[in-house]
Amino acid sequence: QLQVVESGGGLVQAGGSLKLSCAASGRAFSIYAMGWFRQAPGKEREFVTAITGSGGSTYYADSVKGRFTISRDNAKNTVYLQMNSLKPEDTAIYYCAAGTIVAQVLDVSRPFYWGQGTQVTVSS
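Residues numbered from 1 in each chain as written. Predicted model: local features only at pLDDT ≥ 70, side-chain atom pairs only at ≥ 80, totals over all residues. Heavy atoms only, no water.

Undergrad: Please provide a residue-by-residue account of the pattern of salt bridges, values included.
TA: Should the charged atoms of two oppositely charged side chains come close, the side chains can pair. Using the criterion set out here, one finds four salt bridges in the structure. The residue Asp90 makes a salt bridge to Arg38 at a minimum N-O spacing of 2.9 Å. Of this pair, Asp90 sits in the loop between strand S8 (78-83) and strand S9 (92-99) while Arg38 sits in strand S4 (residues 33-39); the two residues are 52 residues apart in sequence, bridging distant segments of the chain. On the basis of relative accessibility, which here comes to 1%, the residue Asp90 falls in the buried class. Among the residues examined, Arg38 registers a relative accessible area of 6% and is labelled buried. (Salt bridge = Lys/Arg side-chain N within 4 Å of Asp/Glu carboxyl O. Helix = DSSP H or I, 4+ residues; strand = E, 2+ residues; numbered from the N terminus. Buried < 20%, exposed > 50% of the residue type's maximum accessible area, 1.4 Å probe, protein only.)

So this is what it looks like as structure tokens:
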């Protein structure tokens, strides 16, 4: 069983940066692949980025590639999402998710565990 809690959302101007955190409680955090998804108003939840348990491999949606960076600190049971050059279209609720294999956090229908989400609003 794994519980994940996101933090770090807020309001930022276009071009600015935010860093989200996802703290996990439970055993063996390092065996879980972790991902970030987002859901904008009136839209379906979509994949943003994912990272393997060791942190050795990362995956990004084309829309965020080069602007967002996912990382993790297994000693702190935490995964991070550094978001730079933010755009108004990045406005959404951002969700942290976990799965036992990375394929589960590349597909919105598959993660085992979800956080409650944190709001990110980018003003133009």
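Undergrad: Can you break down the side chain of Thr78 residue by residue, with the values?
TA: Position of Thr78 relative to the elements: it lies in strand S8. Of note is the side chain of Thr78, whose polar atom sits 2.8 Å from the backbone oxygen of Lys76. Filtering out sequence-adjacent residues up to four positions away, Thr78 remains in contact with Ser21, Cys22, Ala23, Phe29, Arg72 and Asp73. (Polar contact = N/O pair within 3.5 Å; in protein donor to acceptor, adjacent residues only side chain to side chain. Contact = heavy atoms within 4.5 Å.)

Undergrad: Explain unusual backbone geometry residue by residue, including any values.
TA: Residue Asn77 is not a glycine yet carries a positive backbone phi of 55°. Counting through the fold element by element, Asn77 comes out in the loop between strand S7 (68-73) and S8. The residue Ser85 is not glycine, and still its phi comes out positive at about 50°. Examined against the element boundaries, Ser85 turns out to sit in the loop between S8 and S9.

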